[in-house]
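Residues per chain, in single letters:
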Amino acid sequence: MKIPHLAGIILISTATMGLFTSCASDAKKASGKTKITASGDTVAVEDEEDTTRVPVDTAKYKALMAKLANGDTTGKWPVKKEVYPLAGAILPFKRIVVYYGNLHSKKMGALGEYAPKEMWRKLNVEIKHWEKVDPSTPVQAGLHYIAAVASGTPGRDGKYINRMANSQIDSVLAIAKMRPNTIVFLDLQVALSNIKAELPHIEKYLQMPQVHLGIDPEFSMKDGSLPGRKIGTYDAADINYVSQYLADLVKKYNLPPKVFVVHRFTKKMVTNSQNIKLRPEVQVVMHMDGWGEPELKKGTYRHFIYSEPVQFTGFKLFYKNDLKKAPNRLMTPEELMKLKPVPIYIQYQ
């Protein structure tokens, strides 16, 4: 698998990005108060504030996890170390479908390539396709924003990382509000920094109930190599640190469970995956992040996602890179629904 072109070598624009006009949510049209159901829905509370969350229906949860296993008979799926999530969990009650990217660059993904209204028009087409293919699983719309970008230049601290300004993250939150109940992922490419140092930079956003997290081992350069020269790595210990960090926030601020996405397309990107801990406060998605023709992508998914079960799975589709080799097309939702297990998080770049 080739390493994608380093996103950080793109010069960061110095132009100020204005906040985009947002639409009021359904909840705000009522009293501004909401509650979160067991299936992850946010509903308006008309009269008095009700922060009660309905406990997860464990029988339904088990049935949905078995459905995602898609007839697997190896015993790998559904995962044996089952942990029921707290009330308000999105997965597996909904399928998350997101656009990925960065507002500074048109080359890093659809989020950033298109103006907000056009971006939403395109993402809504994908969402409707998924709703048609799997009508029994509601779609949770999301935006996956690269909040820290591995860079080709050392920067002030010599860590080869570009941390996006809060104003940029605020812009993404505003774009998300254009479609009520959209969630946001903040993604970290730590480069020569480390995950413990970078999480505090976005903690105030992770305290928000609609904000979730992604981390990219590809750009975690523990051996001091420059990002983009080789593929980086995270160990289960790093992933456990992050999930504990998120769990602490969930408990402290009485939040619904956080969805935690870990990118992966090689074996060494995630080491000791069998030691990854599951927690009721966090839902871990091991996300197949490789690009290429359909058979290559299915092979990557089989070797590095299916064969090392953690909890939930994701699959990325590249609008451009996936078309470079015959048959020069994206995989379809119909094809992805045949995978074992069926991915419950879908990312378009």
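Residues numbered from 1 in each chain as written. Predicted model: local features only at pLDDT ≥ 70, side-chain atom pairs only at ≥ 80, totals over all residues. Heavy atoms only, no water.

**Re the overall build of the chain**
Keep this limit in mind: In this description a helix means any DSSP run of H or I spanning at least four residues, a strand means any run of E spanning at least two, and both kinds are numbered starting from the N terminus. Relative accessible area decides the class of each residue, using a 1.4 Å probe on protein chains only: under 20% of the type maximum gives buried, over 50% gives exposed, and in between gives partly exposed. Per-residue accessibility takes into account occlusion by the displayed protein chains alone, with areas from the Shrake-Rupley method and a 1.4 Å probe.
Secondary structure summary: the chain contains 10 helices and 13 strands in total. Burial status across the chain gives 53% buried among its 349 residues. Total accessible area computed for the chain in this model is approximately 15200 Å², and 54% of it derives from carbon and sulfur atoms.

**Topic: the packing of aromatic side chains**
Stated precisely, the cut-off is as follows: Paired rings are identified among Phe, Tyr and Trp, the last through its six-membered ring, by centres lying within 6.5 Å, and are further divided according to the angle between planes into stacked (under 30 degrees), edge-to-face (over 60) and tilted (the rest). Any Lys NZ or Arg CZ found within 6 Å of a ring centre and within 35 degrees of that ring's normal is scored as a charge over the ring.
Enumeration over the complete set of coordinates arrives at 8 aromatic pairs. On the basis of an interplanar angle of 75° and a centroid distance of 5.5 Å, the ring pair of F185 and Y345 is categorised as edge-to-face. With F185 in strand β6 (residues 183–188) and Y345 in strand β13 (residues 345–348), this pair connects stretches of sequence that are 160 residues apart. For F185, a relative accessible area of 0% puts it in the buried group. The exposure class of Y345 is buried, given its relative accessible area of 0%. These aromatic residues form a ring-pair network of at least three members: Y61, Y84 and F93. In this structure, K122 packs its charged tip against the face of Y114, placed 4.8 Å from the ring centre.

**As for the environment of T58**
Summarising the element assignment, T58 is placed in helix α2 (residues 58–69). Along the primary structure T58 and Y84 are separated by 26 residues, whereas in three dimensions their C-alpha atoms are 7.0 Å apart.

**Quick look at helix α5 (residues 166–176)**
A turn of α-helix holds 3.6 residues, and therefore any two residues three or four places apart point the same way. Put simply, the rule is: Contact definition: two residues touch when any of their heavy atoms are within 4.5 Å.
Most of α5 is tucked away: 8 of the 11 residues are buried. In the core, the buried residues of α5 are packed alongside α4 (116–133), β4 (139–150), β6, α7 (203–206) and β7 (211–215).

**Looking at the nonpolar core**
Note the threshold: Residues belong to one nonpolar core when they are buried, are Ala, Val, Leu, Ile, Met, Phe, Trp, Tyr or Cys, and are joined through side-chain atoms within 4.5 Å.
By size, the foremost hydrophobic cluster in this structure holds 70 residues, and its most contacted members are L213 and F260. Membership of the second largest hydrophobic core comes to 19 residues, among which are M65, L68, I90 and V259.

**Quick look at helix α8 (residues 236–253)**
We count it as follows: Here a helix's expected span is defined as the number of its residues, less one, multiplied by 1.5 Å.
For α8, with 18 residues, the first-to-last C-alpha span of 26 Å sits near the 26 Å given by 1.5 Å per residue. All of the buried residues in α8 are A236, D238, I239, N240, V242, S243, Y245, L246, A247, L249 and V250.

**Thoughts on the confidence of the model for the chain**
Our working rule: Across the chain, each position has a pLDDT score giving the predictor's confidence in that residue, from 0 to 100.
Averaged over all residues, the pLDDT of the chain equals 88, while 85% of them reach at least 70. Counting interchain partners and residues more than four positions distant, the pLDDT-below-50 stretch residues 1–50 has 107 contacts.

**Section: unusual backbone geometry**
The general pattern is negative phi for most residues beyond glycine and trans for most peptide bonds. Going from L91 to P92, the amide bond is cis rather than trans, its omega being 0°. Look at the link from K340 to P341: it is a cis peptide, with omega at -10°. By secondary structure assignment, the location of P341 is in the loop between α10 (333–336) and β13. The phi dihedral of N272 falls on the positive side, at around 60°, and the residue is not glycine. Note on placement: N272 falls in the loop between β10 (270–271) and β11 (282–288).

**A few points about the pairing of β7**
As a reminder of what qualifies: Note on pairing: DSSP must find at least two bridges between two strands before they are called paired.
With respect to burial, β7 is a largely interior element, 5 of its 5 residues being buried. Of the two faces of β7, the one lined by V211, L213 and I215 and the one lined by H212 and G214 are each fully buried. Judged from the 5 bridges that link them, β6 and β7 form a sheet pairing that is parallel. If you follow D187 over to β7, its bridge partner there is G214. Pairing between β7 and strand β9 (residues 258–264): 3 bridges, direction parallel. If you follow G214 over to β9, its bridge partner there is V261.

**Focus on the pattern of salt bridges**
For the record, the criterion: Basic side-chain nitrogens of Lys or Arg form a salt bridge, by our definition, when they fall within 4 Å of a carboxyl oxygen of Asp or Glu.
Per the stated rule, a full pass over the model turns up 15 salt bridges. Notably, a salt bridge pairs D134 with K67, separated by 3.7 Å at the nearest N-O pair. With a gap of 67 residues between them, D134 in the loop between α4 and β4 and K67 in helix α2 connect regions that are remote in the sequence. Among the residues examined, D134 registers a relative accessible area of 5% and is labelled buried. Judged by relative accessible area, which is 40%, K67 ranks as partly exposed. Put simply, K67, R95 and D134 are held in one network by salt bridges that share partners.

**Observations concerning the pairing of β9**
β9 sits mainly inside the fold: 7 of its 7 residues count as buried. The side-chain alternation of β9 yields two buried faces, one formed by K258, F260, V262 and R264 and the other by V259, V261 and H263. Here β9 pairs with β11 via 7 bridges, running parallel. Its bridge partner lying in β11, V261 is registered against V285.

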